[in-house]
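Residues per chain are reported as follows:
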Amino acid sequence: AAVKICITILYLICVIVVPHQMVSGQGKLPYSFADLGGRYYSALQNDIRKSKPATAIFSDKKAQKKYTELNDERRRTIISGFTENNFVYQKDILDYLTAIAADLQKSSKSLFPESPVILLDRSDVVNAYALGDNIVVINMGLLLFVQSREELALILAHELSHNILRHAENSL
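Residues numbered from 1 in each chain as written. Predicted model: local features only at pLDDT ≥ 70, side-chain atom pairs only at ≥ 80, totals over all residues. Heavy atoms only, no water.

Q: Residue-level account of helix α3 (residues 42-50), with values.
A: In an α-helix, one turn spans 3.6 residues; hence positions three or four apart end up facing the same way. Along α3, the residues that are buried comprise L44, Q45 and I48. What you see down the axis of α3 is that its buried residues fit within an arc of 105°, all on one side. Facing away from the buried side of α3, by more than 90 degrees, are the exposed residues D47 and K50. (Buried < 20%, exposed > 50% of the residue type's maximum accessible area, 1.4 Å probe, protein only. Helix = DSSP H or I, 4+ residues; strand = E, 2+ residues; numbered from the N terminus. Arc of directions from axis to C-beta.)

Printed below as a string of C-alpha coordinates:
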(Lines give C-alpha, C1' and ligand atoms only; values in the text may rest on other atoms or scores of the structure.)
Protein backbone atom coordinates (compact mmCIF):
# COMPACT_ATOMS: atom_id res chain seq x y z
CA ALA A 1 0.00 0.00 0.00
CA ALA A 2 2.86 2.38 0.82
CA VAL A 3 4.42 1.74 -2.60
CA LYS A 4 1.10 2.58 -4.31
CA ILE A 5 0.89 5.84 -2.35
CA CYS A 6 4.47 6.81 -3.32
CA ILE A 7 3.82 6.03 -6.98
CA THR A 8 0.57 8.03 -6.90
CA ILE A 9 2.34 11.02 -5.32
CA LEU A 10 5.14 10.90 -7.90
CA TYR A 11 2.59 10.65 -10.67
CA LEU A 12 0.68 13.69 -9.38
CA ILE A 13 3.90 15.67 -9.10
CA CYS A 14 4.84 14.81 -12.69
CA VAL A 15 1.36 15.44 -14.10
CA ILE A 16 0.23 18.48 -12.11
CA VAL A 17 3.08 20.31 -10.39
CA VAL A 18 5.79 20.21 -13.08
CA PRO A 19 3.53 21.29 -15.99
CA HIS A 20 2.02 24.03 -13.81
CA GLN A 21 5.48 25.43 -13.01
CA MET A 22 6.42 25.40 -16.70
CA VAL A 23 3.18 27.13 -17.73
CA SER A 24 3.51 29.75 -15.01
CA GLY A 25 6.93 30.69 -16.34
CA GLN A 26 9.04 29.10 -13.62
CA GLY A 27 11.39 26.98 -15.67
CA LYS A 28 9.80 27.40 -19.09
CA LEU A 29 12.30 26.68 -21.83
CA PRO A 30 12.61 29.15 -24.74
CA TYR A 31 12.51 26.20 -27.18
CA SER A 32 11.36 22.62 -27.39
CA PHE A 33 13.74 19.71 -27.77
CA ALA A 34 12.31 19.05 -31.24
CA ASP A 35 13.35 22.58 -32.28
CA LEU A 36 17.00 21.87 -31.55
CA GLY A 37 17.41 19.62 -34.58
CA GLY A 38 15.53 21.98 -36.88
CA ARG A 39 17.56 24.99 -35.80
CA TYR A 40 20.89 23.21 -36.01
CA TYR A 41 20.21 21.66 -39.40
CA SER A 42 18.62 24.70 -41.09
CA ALA A 43 21.72 25.49 -43.19
CA LEU A 44 21.96 21.86 -44.30
CA GLN A 45 18.27 21.90 -45.26
CA ASN A 46 18.90 24.94 -47.44
CA ASP A 47 21.90 23.27 -49.09
CA ILE A 48 19.82 20.17 -49.85
CA ARG A 49 16.99 22.29 -51.26
CA LYS A 50 19.41 24.15 -53.56
CA SER A 51 21.43 21.14 -54.73
CA LYS A 52 21.02 20.13 -58.35
CA PRO A 53 21.50 16.58 -59.63
CA ALA A 54 24.36 15.75 -61.99
CA THR A 55 22.19 15.00 -65.03
CA ALA A 56 25.22 15.19 -67.34
CA ILE A 57 25.79 11.48 -66.69
CA PHE A 58 22.89 10.85 -69.10
CA SER A 59 23.03 11.81 -72.77
CA ASP A 60 19.31 11.28 -73.30
CA LYS A 61 17.16 14.29 -72.33
CA LYS A 62 14.29 12.01 -71.26
CA ALA A 63 16.61 10.13 -68.88
CA GLN A 64 17.96 13.43 -67.53
CA LYS A 65 14.42 14.63 -66.81
CA LYS A 66 13.45 11.39 -65.07
CA TYR A 67 16.65 11.41 -62.99
CA THR A 68 15.94 15.02 -61.95
CA GLU A 69 12.37 14.10 -60.93
CA LEU A 70 13.56 11.13 -58.86
CA ASN A 71 16.32 13.18 -57.24
CA ASP A 72 13.83 15.95 -56.39
CA GLU A 73 11.60 13.36 -54.73
CA ARG A 74 14.56 12.05 -52.73
CA ARG A 75 15.43 15.61 -51.63
CA ARG A 76 11.82 16.22 -50.55
CA THR A 77 11.94 13.02 -48.48
CA ILE A 78 15.11 14.17 -46.74
CA ILE A 79 13.66 17.64 -46.08
CA SER A 80 10.48 16.09 -44.66
CA GLY A 81 12.70 14.28 -42.14
CA PHE A 82 13.81 17.70 -40.93
CA THR A 83 10.36 19.30 -40.91
CA GLU A 84 8.88 16.31 -39.06
CA ASN A 85 11.70 16.57 -36.48
CA ASN A 86 13.02 13.08 -37.18
CA PHE A 87 16.60 14.34 -36.91
CA VAL A 88 17.96 15.65 -33.63
CA TYR A 89 21.09 17.51 -32.73
CA GLN A 90 22.91 16.08 -29.74
CA LYS A 91 26.40 17.55 -29.74
CA ASP A 92 28.19 14.87 -27.69
CA ILE A 93 26.83 11.99 -29.77
CA LEU A 94 27.46 13.73 -33.08
CA ASP A 95 30.99 14.67 -32.01
CA TYR A 96 31.63 11.01 -31.15
CA LEU A 97 30.28 9.81 -34.52
CA THR A 98 32.18 12.53 -36.38
CA ALA A 99 35.42 11.49 -34.64
CA ILE A 100 34.90 7.90 -35.80
CA ALA A 101 34.25 9.13 -39.35
CA ALA A 102 37.39 11.29 -39.17
CA ASP A 103 39.45 8.24 -38.17
CA LEU A 104 38.04 6.33 -41.15
CA GLN A 105 38.74 9.31 -43.38
CA LYS A 106 42.38 9.52 -42.24
CA SER A 107 42.96 5.92 -43.21
CA SER A 108 41.58 6.36 -46.75
CA LYS A 109 41.83 10.01 -47.77
CA SER A 110 41.44 9.20 -51.46
CA LEU A 111 38.08 7.54 -50.80
CA PHE A 112 36.86 10.23 -48.39
CA PRO A 113 37.84 13.59 -49.89
CA GLU A 114 35.43 15.38 -47.56
CA SER A 115 33.87 14.65 -44.19
CA PRO A 116 30.43 13.06 -44.30
CA VAL A 117 27.33 14.76 -42.95
CA ILE A 118 26.03 12.61 -40.11
CA LEU A 119 22.41 12.91 -39.07
CA LEU A 120 21.03 11.47 -35.87
CA ASP A 121 17.53 10.03 -36.31
CA ARG A 122 15.38 9.77 -33.18
CA SER A 123 14.05 6.37 -34.33
CA ASP A 124 14.49 3.48 -31.91
CA VAL A 125 14.97 1.04 -34.81
CA VAL A 126 18.42 -0.56 -34.92
CA ASN A 127 19.53 0.83 -38.28
CA ALA A 128 21.80 3.20 -40.17
CA TYR A 129 21.55 4.22 -43.80
CA ALA A 130 23.22 6.26 -46.49
CA LEU A 131 21.15 8.93 -48.23
CA GLY A 132 23.72 9.74 -50.89
CA ASP A 133 25.33 13.14 -51.34
CA ASN A 134 27.75 12.17 -48.53
CA ILE A 135 24.94 11.98 -45.93
CA VAL A 136 24.74 9.13 -43.42
CA VAL A 137 21.91 8.65 -40.92
CA ILE A 138 22.37 6.83 -37.63
CA ASN A 139 19.27 5.84 -35.67
CA MET A 140 19.27 6.29 -31.89
CA GLY A 141 18.19 2.64 -31.62
CA LEU A 142 21.46 1.56 -33.20
CA LEU A 143 23.45 3.52 -30.64
CA LEU A 144 21.66 1.70 -27.86
CA PHE A 145 22.39 -1.65 -29.50
CA VAL A 146 26.11 -1.50 -30.38
CA GLN A 147 28.58 -2.71 -27.78
CA SER A 148 31.77 -0.92 -28.82
CA ARG A 149 33.30 1.91 -30.80
CA GLU A 150 34.66 -0.70 -33.23
CA GLU A 151 31.17 -2.02 -33.99
CA LEU A 152 29.99 1.51 -34.62
CA ALA A 153 33.03 2.18 -36.83
CA LEU A 154 32.24 -0.91 -38.90
CA ILE A 155 28.65 0.18 -39.40
CA LEU A 156 29.68 3.74 -40.26
CA ALA A 157 32.29 2.44 -42.73
CA HIS A 158 29.64 0.26 -44.35
CA GLU A 159 27.29 3.22 -44.80
CA LEU A 160 30.09 5.44 -46.06
CA SER A 161 30.93 2.79 -48.66
CA HIS A 162 27.37 3.15 -50.00
CA ASN A 163 28.08 6.85 -50.48
CA ILE A 164 31.48 6.22 -52.08
CA LEU A 165 29.91 3.77 -54.53
CA ARG A 166 27.03 6.20 -55.10
CA HIS A 167 24.42 3.50 -54.44
CA ALA A 168 21.66 6.02 -53.60
CA GLU A 169 22.29 8.02 -56.77
CA ASN A 170 22.70 4.95 -58.97
CA SER A 171 19.47 3.42 -57.66
CA LEU A 172 17.53 6.38 -59.06
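Q: Explain unusual backbone geometry to me, using residue names and the numbers behind them.
A: Phi is positive for N85, which is not a glycine, with a value near 55°. Secondary-structure assignment places N85 in the loop between α4 (61-83) and β1 (87-88). Overall, the relative accessible area of 23% leaves N85 in the partly exposed class.

Q: Mind laying out the sheet that holds β1, listing which residues take part and the relevant values?
A: In spatial order, the strands read β1-β2-β4-β3; together these four strands make up an open sheet with mixed pairing. Looking at strand neighbours, the two that pair on one side only are β1 and β3 (128-132), the edges of this open sheet. Note that β1 and strand β2 (residues 117-121) share two bridges and pair antiparallel. Note that in β2 the partner of F87 across the bridge is D121. Contacts from helix α7 (residues 149-164) reach β2, β3 and β4 (135-139) within the one sheet, and its direction differs from that of β3 by about 20°. (Pairing = 2+ DSSP bridges. Contact = heavy atoms within 4.5 Å. Axes fitted to C-alpha atoms, helices over the stretch in contact; angles between N-to-C directions.)

Q: How would you sum up the nonpolar core? Please name residues and give values.
A: Grouped together as the largest cluster of nonpolar side chains are 29 residues, with contacts concentrated most on F82, L119, I138 and L156. Sorting the residues of this core by element identifies α3, α4, β1, α5 (91-107), β2, β3, β4 and α7 as the ones contributing at least two each. Of all the elements, α5 adds the most residues to this core, at five residues. Setting aside chain neighbours within four positions, we find F82 in contact with Y41, L44, Q45, I48, F87 and L119. (Core = buried A, V, L, I, M, F, W, Y, C linked by side-chain atoms within 4.5 Å.)

Q: A description of the pairing of β2 should follow, citing residues and the corresponding values.
A: Regular strands have side chains that alternate between both faces of the sheet. Burial analysis of β2 places four of its five residues in the buried class, the great majority of the element. Judged from the five bridges that link them, β2 and β4 form a sheet pairing that is parallel. Among the inter-strand pairings, I118 is bridged to a residue of β4, identified as V136.

Q: Now, about the confidence of the model for the protein chain: what can you tell me, with residues and values included?
A: Within the protein chain, residue pLDDT values average 78, and 73% of them lie at 70 or more. Confidence, read as mean pLDDT per element, is least for helix α1 (residues 2-23) in the protein chain (55) and greatest for helix α6 (residues 140-145) (93). Confidence drops under pLDDT 50 across residues 17-25; counting only partners more than four residues distant or on other chains, this segment forms eight contacts. (pLDDT = per-residue confidence, 0-100.)

Q: Provide a residue-level description of a nonpolar patch on the surface, including the pertinent values.
A: On the surface, L111, I164 and L165 cluster together to form a nonpolar patch covering roughly 250 Å² of accessible area. Tracing the backbone shows L111 in the loop between α5 and β2. Residue class for L111 comes out partly exposed when judged on its relative accessible area of 45%. (Patch = residues over 30% accessible without salt bridge, like charges linked within 9 Å, V, L, I, M, F, W, Y side chains within 5 Å. Areas by Shrake-Rupley, 256 points an atom, 1.4 Å probe, with all protein chains shown as cover. Salt bridge = Lys/Arg side-chain N within 4 Å of Asp/Glu carboxyl O.)

Q: Which residues make up α7, and what are the values?
A: Taking 1.5 Å of rise per residue, 16 residues should cover 22 Å, and α7 covers 22 Å from first to last C-alpha, within 8% of that figure. Every buried residue of α7 is accounted for by L152, A153, L156, E159, L160 and N163. Along the axis of α7, the buried positions cluster into a sector of 135°, meaning they face one direction only. Looking at α7, the residues exposed on the side facing more than 90 degrees away from the buried face are E150 and L154. On its buried side, α7 packs onto α5, β2, β3, β4 and α6. (Expected span 1.5 Å × (residues − 1).)

Q: How would you summarise the packing of α5 against α7 if you had to cite specific residues and measurements?
A: For the pair α5 and α7, interaxial distance at closest approach is 10 Å and the crossing angle is 65°. The orientation of α5 with respect to α7, classified from their angle, is roughly perpendicular. By crossing handedness, the relation of α5 to α7 is classed as right-handed. Two secondary-structure elements touch here, α5 through Y96, L97, A99, I100, A101, D103 and L104 and α7 through R149, L152, A153, L156, A157 and L160. Among the residues forming the contact of α5 with α7, the class breakdown is eleven nonpolar, no polar and two charged. (Parallel < 35°, antiparallel > 145°, perpendicular 65-115°, else oblique. Left-handed = near helix turned anticlockwise from the far one by under 90°. Nonpolar A, V, L, I, M, F, W, Y, C, P; charged D, E, K, R; others polar.)

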